[in-house]
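Structural features, examined
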Number of protein chains: 4
Amino acid sequence: MELTNIETILNDALIHSSKYIDDGNVATYIPELAKADKNLLGASIVTIEGKRYHVGDWHQEFTIQSISKTISLIFALHNLGPEIVFNKVGMEPSGDPFNSIIKLETKKYPSNPYINAGAIAVAGLISERYSFEDYLKLVRLFCGRNSIEVDENVYMSESKTGMLNRSLAYMMNSSGVLEADVEKTLDFYFKMCSVKVNSNDLANYAAILANDGLDLKSGDRLIDNSILKIVKSLMLTCGMYDGSGEFAIRVGMPAKSGVGGGILAFAENKLGICVFGPALDSQGNSIGGYHMLEYLSKELGLHYFSGK
Amino acid sequence: MELTNIETILNDALIHSSKYIDDGNVATYIPELAKADKNLLGASIVTIEGKRYHVGDWHQEFTIQSISKTISLIFALHNLGPEIVFNKVGMEPSGDPFNSIIKLETKKYPSNPYINAGAIAVAGLISERYSFEDYLKLVRLFCGRNSIEVDENVYMSESKTGMLNRSLAYMMNSSGVLEADVEKTLDFYFKMCSVKVNSNDLANYAAILANDGLDLKSGDRLIDNSILKIVKSLMLTCGMYDGSGEFAIRVGMPAKSGVGGGILAFAENKLGICVFGPALDSQGNSIGGYHMLEYLSKELGLHYFSGK
Amino acid sequence: MELTNIETILNDALIHSSKYIDDGNVATYIPELAKADKNLLGASIVTIEGKRYHVGDWHQEFTIQSISKTISLIFALHNLGPEIVFNKVGMEPSGDPFNSIIKLETKKYPSNPYINAGAIAVAGLISERYSFEDYLKLVRLFCGRNSIEVDENVYMSESKTGMLNRSLAYMMNSSGVLEADVEKTLDFYFKMCSVKVNSNDLANYAAILANDGLDLKSGDRLIDNSILKIVKSLMLTCGMYDGSGEFAIRVGMPAKSGVGGGILAFAENKLGICVFGPALDSQGNSIGGYHMLEYLSKELGLHYFSGK
Amino acid sequence: MELTNIETILNDALIHSSKYIDDGNVATYIPELAKADKNLLGASIVTIEGKRYHVGDWHQEFTIQSISKTISLIFALHNLGPEIVFNKVGMEPSGDPFNSIIKLETKKYPSNPYINAGAIAVAGLISERYSFEDYLKLVRLFCGRNSIEVDENVYMSESKTGMLNRSLAYMMNSSGVLEADVEKTLDFYFKMCSVKVNSNDLANYAAILANDGLDLKSGDRLIDNSILKIVKSLMLTCGMYDGSGEFAIRVGMPAKSGVGGGILAFAENKLGICVFGPALDSQGNSIGGYHMLEYLSKELGLHYFSGK
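We now turn to the structure provided with this report. No experiment lies behind these values; they were computed from the predicted model shown.

**Section: the relation of the copies chain D and chain A**
Relative to chain A, chain D is turned by 180° and slid 0.0 Å along the rotation axis, the superposed coordinates differing by an RMSD of 0.0 Å. The transformation just described matches what one would write down for a two-fold rotation axis. No C-alpha of chain D approaches the rotation axis more nearly than that of D:Ser167, which lies at 2.0 Å. A shared interface surface links the copies, since 100% of the contact residues of chain D are contact residues in chain A too.

The structure is reproduced here in structure tokens:
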């Protein structure tokens with residue numbers, strides 16, 4: 001792939017995408033997130049060779065939110081193994097909104113680890129055996145920045161207002177899916193969602209995913225391929241909430257979005273991307289970010305079915 | 001990719017997979033399908049260079065069933081355009097069984113074109129404007145065999161017993177999703193599912209999908225890339241009924257299965273595969289075929305996240 | 001009970017209720033019903049001693065619609081027995097709209113005989129063994145009028161447009177709940193709903209229900225008490241679609257409504273009532289009729305918990 | 001009504017019903033309830049004239065559980081009025097199990113005050129403004145016994161293990177249905193369910209309901225008729241969980257059951273009954289108690305459609 005023109009295309013993508021911001025809104029269900037500036041927009045690209053490209057508000061920190069679900073899944077698969085994890089959570093798209101409780105009653109187990117219920121179940125498995133610091137080390141390793149921390153204001157805000165997540169957690173506790181202490185699990189989950197990153201951090205992590213889990217410099221294996229097959233395949237089928245199917249068609253990259261405004265995506269064996277913009281569409285995905293990814297996919301030929 | 005050993009690996013795959021047949025059962029809800037010999041098992045591979053490899057009962061004809069949903073979608077997208085098609089059907093995994101009616105009441109539109117309701121909606125769009133012969137020509141073109149015909153016994157059997165599909169169709173007719181004549185639509189749908197193919201036919205079609213829609217010999221474009229992005233991405237997210245997520249992890253190829261026992265899959269820019277075995281697992285996928293694909297994916301490195 | 005003032009109260013009820021008509025609308029899903037004059041309003045009361053009182057458009061004929069479900073249930077219970085009937089249909093409020101299909105997938109059997117699916121299941125049991133004429137004789141007997149007939153225009157209109165009922169019927173046929181021929185069953189069902197009555201006819205039938213199933217003149221038993229316990233108790237819990245709970249509070253009489261604009265109600269051991277007005281509320285109940293019944297219940301002390 | 005033979009019939013009812021005990025099981029989801037002796041069976045009848053009849057283990061104390069939902073509803077309607085109450089909860093049978101969460105997502109408001117979610121919503125309204133002692137006074141008044149207290153062991157057990165109720169409460173808090181503090185609301189709810197009574201206590205309350213809310217001795221009005229219409233009508237349509245429809249047919253009395261083994265029922269203007277037996281059927285109703293009520297209804301002619 002010809003990457004010489006990435007910088008130009010990134011700039012064009014920013015201009016193209018910024019006009020969609022007006023159609024979106026910042027997340028309001030967590031009061032602290034509602035304070036975000038909806039006009040922010042930025043992106044970072046990191047190639048598997050380690051080259052970095054940035055545009056717009058790429059340096060702006062935001063909370064990682066649901067993108068963390070991919071890292072906690074890696075943590076759990078690595079430390080506990082797939083058998084323990086998939087004894088508590090499924091592998092299928094849910095067909096319902098990310099915070100839906102219905103299938104917990106009709107099917108008991110959460111459909112997959114990227115909806116809230118599934119990620120809380122995984123957080124329960126981790127928090128019983130590991131400290132949040134253990135987990136945070138992995139985030140820092142993947143992002144390549146040791147100064148990454150929790151945003152205490154967002155964490156407090158989520159903890160105080162996350163009643164629907166509490167409902168999901170108590171439901172799973174009631175049915176035996178979540179065996180860990182509910183409030184301790186939620187504390188881990190809210191902290192995990194409140195980690196502050198910028199788009200360069202997540203593009204670094206995305207590039208490691210694109211590079212088969214190998215460190216970009218040393219080539220050391222950071223993530224087993226068997227774990228990557230799970231984490232990345234689930235990004236294909238369930239990464240963009242209940243808009244995953246349309247995203248697969250229009251953008252064609254494995255991706256995971258968060259209501260903090262970030263979307264992580266990657267093109268296998270090529271590069272990792274993180275776009276950031278707090279204005280969200282009706283499904284909770286960054287509206288500017290989505291359009292940037294669609295533009296980049298087309299102009300850089302990143303769709304997995306790009307053709308000849 | 002080194003393909004010199006495909007033949008050996010195909011043979012090993014057959015031996016490996018045949019031991020799972022006992023755990024499956026032939027489809028019984030269509031009386032004519034219940035007559036199938038559950039011990040049949042075979043497969044064909046066609047590379048994008050046109051090389052062909054076969055094993056087991058590859059010459060055995062079976063009905064294409066739901067695999068036809070990908071061809072009717074191509075037909076509709078080509079002849080009517082995506083706007084008309086996606087005005088009647090969504091692009092998302094449904095999270096429910098392939099024949100579920102619940103979301104037609106709660107959301108009105110079928111979730112995607114690969115569940116029964118969605119495929120019937122697409123069949124309605126086609127059957128209003130085109131003859132079944134028009135459609136059959138496309139099947140023959142993709143399969144590379146002009147003698148392909150409808151299995152009249154299966155067609156009659158489906159038509160006589162397909163009451164749940166009737167229920168889906170009348171529900172959509174009632175809500176305005178299906179504007180075409182219901183019985184005429186169902187007639188098209190039942191015929192389309194009853195087309196008789198063998199695994200070589202569908203591997204040929206799969207290879208064209210892998211080859212960006214270009215004819216394997218002439219290089220002529222048979223399918224637009226914009227259509228392929230839709231048809232192939234939906235195979236990723238919705239191709240294996242409500243087992244699509246797990247299949248993406250374990251096998252890692254875009255695929256579409258049918259209750260006749262066939263599964264079509266492909267590795268982009270490499271090759272197309274069709275496996276065939278009438279014994280089905282609890283989700284309606286060929287149990288032997290599934291294991292063959294998993295084996296082939298691993299041994300030939302066909303998973304889209306195979307790693308380095 | 002003092003009944004000397006029924007006539008006055010009936011007149012007051014008409015005046016009181018007519019002002020709600022503007023808030024309602026005639027049924028539109030059956031084209032022939034959409035032609036009704038929404039300003040019609042009338043009622044009849046027949047006491048168990050056989051006294052008759054009328055007001056407004058009581059002589060106006062309308063189609064019986066869902067009120068017929070109580071008569072077909074009596075017919076089925078009398079001729080086939082409760083075991084055969086309740087092998088196919090439940091006894092519980094559904095919690096869903098009268099035409100919902102969801103529980104047919106999740107629970108298989110229709111919740112009760114007064115939702116459409118349940119009434120179609122009962123119609124299937126009858127139509128396999130009895131002619132429509134047999135059933136019509138019972139309607140005439142209960143209404144005390146031999147000239148009662150099917151409205152052919154409504155019947156043709158329902159038959160041509162009743163796609164959602166077709167969907168329900170094919171779903172039940174598919175699952176084995178409806179073993180009879182689907183189209184023959186629907187023909188019986190559509191005819192049964194299209195029987196033309198006036199409010200005097202149905203008030204006569206209601207009075208027989210109030211009179212423990214005994215003929216008002218001869219005292220001959222027309223309906224067994226064991227059947228009445230079923231038919232009348234189901235009117236309490238499921239008679240007013242998904243507004244049955246509120247109706248029980250506000251009006252407090254066993255009742256059954258139909259989208260033709262009729263509502264039948266009775267006060268045990270006292271009298272039968274039929275109100276009629278084609279303007280319906282959002283739940284499909286006659287809006288003027290509902291208010292008449294509430295007024296009559298209060299002024300005549302007909303609520304089963306009227307107090308002292 | 002001839003009541004001279006009540007004593008004999010009560011004794012026969014006990015003998016008849018005790019043989020069904022083996023088919024039931026004590027509630028196990030609250031550990032403390034699982035300790036109950038499943039062979040206990042007893043009943044009390046109190047006529048509106050104040051005559052009392054007892055049989056079997058009528059003196060045995062048990063926790064009131066869901067029967068309390070009728071008293072908390074009376075308390076809320078009396079002190080807050082119907083507008084405030086029915087702004088938070090519906091009046092319709094839910095068609096789902098008593099502890100289901102699904103409709104809270106699809107419809108937001110709990111279907112009625114007798115399912116757990118609805119009763120928790122009502123408990124929230126009360127606990128914001130009144131102390132538990134205020135409520136307990138009403139229970140003592142209706143039961144005619146001042147020594148009624150909370151069973152601390154059951155209360156602690158429910159509070160510690162009631163995770164599904166927590167899930168329901170947090171879900172409603174998240175959607176704005178439950179505005180009160182969640183844990184304080186649940187504390188009130190768990191206490192309210194843990195009040196210890198015997199069948200004589202509840203038969204006294206049932207007789208007051210049968211007597212139009214008037215004190216049995218003084219004739220003083222204890223409950224407004226407008227409130228009784230609501231509380232009693234809801235017992236008809238929703239009192240026996242998702243077995244309310246069948247109970248209305250087979251027994252034909254307004255009733256409310258609790259998983260502690262009690263069922264309260266009454267015959268309007270005649271008498272109140274409480275049966276007690278901890279062995280429950282699959283819907284959570286006392287299996288021996290249900291059969292006693294069916295027997296008593298038949299032998300004493302208590303069905304509201306008893307006939308002539």
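**A closer look at the sheet that holds strand β5 (residues 255-257) of chain B**
Backbone hydrogen bonds are what pair the strands of a sheet, in a parallel or an antiparallel way. Residues and elements named next belong to chain B. The strand order β2-β1-β7-β6-β5 describes an open sheet built from five strands, whose pairing is antiparallel. Bordering the open sheet on either side are β2 (52-56) and β5, each of which pairs with just one other strand. Taken over all neighbouring pairs, the strand axes of this sheet differ in orientation by 10° on average, direction set aside. Here strand β6 (residues 262-267) pairs with strand β7 (residues 271-276) via six bridges, running antiparallel. Following the sheet pairing, Ala265 is matched in β7 by Ile273. Against the sheet, helix α13 (residues 287-300) makes contact with β1 (42-47), β2, β6 and β7, and its axis sits at roughly 150° relative to β7, the strand it touches most.

**Side note on the arrangement of the chains**
With no contact formed, the shortest span from any C-alpha in chain A to any C-alpha in chain C equals 9 Å. Left apart from each other, chain B and chain D have a closest C-alpha approach of 9 Å.

**Points about the pattern of salt bridges**
Applying the stated rule across the entire model yields 60 salt bridges over all chains. Here A:Arg140 and A:Glu133 are joined by a salt bridge, their closest N and O atoms 3.9 Å apart. With a relative accessible area of 42%, A:Glu133 lands in the partly exposed category. For the salt bridge of B:Glu183 with B:Arg166, the shortest nitrogen-to-oxygen distance reads 3.1 Å.

**Re the packing of aromatic side chains**
Counting across every chain of the model gives 50 aromatic pairs over all chains. Relative to C:Phe276, the ring of C:Phe62 has its centre 4.3 Å away and its plane inclined at 5°; by these criteria the two rings are stacked. Taken together, the residues span a long stretch of sequence, with C:Phe62 in strand β3 (residues 62-63) and C:Phe276 in strand β7 (residues 271-276) at a distance of 214 residues. Relative accessible area serves as the criterion here: at 5%, C:Phe62 is assigned to the buried category. Of the aromatic side chains, those joined through ring pairs into one cluster are A:Phe75, A:Tyr130, A:Phe132, A:Tyr135 and A:Phe188.

**Side note on the relation of the copies chain A and chain B**
Rotating chain A by 180° and translating it 0.0 Å along the rotation axis places it on chain B, where the RMSD comes to 0.0 Å. Taken as a fraction of all interface residues of chain A, those also at the interface in chain B reach 100%, which identifies the copy contact as same-surface.

**Topic: the layout of surface pockets**
Put simply, the largest pocket is a space of about 1,100 Å³. Listed by contribution, the elements that provide at least two residues to the lining of the largest pocket are α4 (102-106) of chain A, α4 (102-106) of chain B, α4 (102-106) of chain C together with α4 (102-106) of chain D. Residues belonging to the lining of the largest pocket are distributed by class as follows: ten nonpolar, nine polar and 16 charged.

**Observations regarding the interface of chain A and chain B**
On the chain B side, the residues contacting the 37 residues of chain A number 37 residues. Taking both partners together, chain A and chain B bury about 3,000 Å²; carbon and sulfur atoms supply 63% of that area. For the pair chain A and chain B, the interface holds two salt bridges. A:Asp96 serves as the salt-bridge partner of B:Lys103, at 4.0 Å between the closest nitrogen and oxygen. Counting the contacts that link chain A with chain B gives 16 residue pairs in polar contact (both at pLDDT 80 or more). Considering each element in turn, the side of chain A that touches chain B owes the most residues, eight residues, to helix α11 (residues 225-238) of chain A. Here the side of chain A that touches chain B is composed, by residue class, of 13 nonpolar, 13 polar and eleven charged.

**Examining the sheet that holds strand β7 (residues 271-276) of chain D**
Residue and element names in this part refer to chain D. Taking strand neighbours across the sheet as the criterion, the five strands line up as β2-β1-β7-β6-β5 in an open arrangement whose pairing is antiparallel. Looking at strand neighbours, the two that pair on one side only are β2 (52-56) and β5 (255-257), the edges of this open sheet. Sheet twist, expressed as the average angle between the axes of neighbouring strands with direction ignored, equals 10°. Strand direction decides the pairing type here: β5 and strand β6 (residues 262-267), joined by three bridges, are antiparallel. When the bridges of β6 are listed, Ser257 appears paired with Ile263.

**Some thoughts on the interface of chain D and chain A**
Across the boundary between the two partners, chain D contributes 14 residues, which contact 14 residues of chain A. For the pair chain D and chain A, the summed buried area comes to about 1,300 Å², and 69% of that belongs to carbon and sulfur atoms. Applying the counting rule to chain D against chain A returns zero salt bridges. Across the chain D-chain A interface, the total number found is seven residue pairs in polar contact (both at pLDDT 80 or more).

**Concerning the packing of helix α5 (residues 116-127) of chain A against helix α8 (residues 163-175) of chain A**
All names here are of chain A. For the pair α5 and α8, the least separation of the axes is 10 Å and the interaxial angle reads 60°. The orientation of α5 with respect to α8, classified from their angle, is oblique. Note that α5 runs across α8; the crossing there is right-handed. Seen from α5, the contacting residues are Asn116, Ala117, Ile120 and Ala121; seen from α8, they are Asn165, Leu168, Ala169 and Met172.

**A word on empty space enclosed by the protein**
All names here are of chain B. Enumeration according to the criterion identifies nine cavities of 30 Å³ or more in this entry. Lining the largest cavity are 13 residues, with Pro93, Ser94, Gly95, Tyr241 and Asp242 positioned closest to its centre. Here the lining of the largest cavity is composed, by residue class, of five nonpolar, five polar and three charged. Two domains each provide a minimum of three residues to the lining of the largest cavity, namely domain 1 (6-65 + 196-300) and domain 2 (67-193).

Cut-off values and rules
Residues numbered from 1 in each chain as written. Chains lettered and ligands numbered in written order. Predicted model: local features only at pLDDT ≥ 70, side-chain atom pairs only at ≥ 80, totals over all residues. Heavy atoms only, no water. Least-squares fit on C-alpha atoms with pLDDT ≥ 70 in both. Contact = heavy atoms within 4.5 Å. Pairing = 2+ DSSP bridges. Helix = DSSP H or I, 4+ residues; strand = E, 2+ residues; numbered from the N terminus. Axes fitted to C-alpha atoms, helices over the stretch in contact; angles between N-to-C directions. Salt bridge = Lys/Arg side-chain N within 4 Å of Asp/Glu carboxyl O. Buried < 20%, exposed > 50% of the residue type's maximum accessible area, 1.4 Å probe, protein only. Phe/Tyr/Trp six-rings, centres within 6.5 Å; stacked < 30°, edge-to-face > 60°. 1 Å grid on protein atoms, 1.4 Å probe; cavity = no way out; pocket = protein on both sides within 12 Å on 5 of 7 lines; lining within 4 Å. Points joined across faces, edges and corners; volume = space filled by probe spheres on them. Nonpolar A, V, L, I, M, F, W, Y, C, P; charged D, E, K, R; others polar. Buried area = accessible area lost by both parts, 1.4 Å probe. Polar contact = N/O pair within 3.5 Å; in protein donor to acceptor, adjacent residues only side chain to side chain. Parallel < 35°, antiparallel > 145°, perpendicular 65-115°, else oblique. Left-handed = near helix turned anticlockwise from the far one by under 90°. Domains from an automatic or database assignment.

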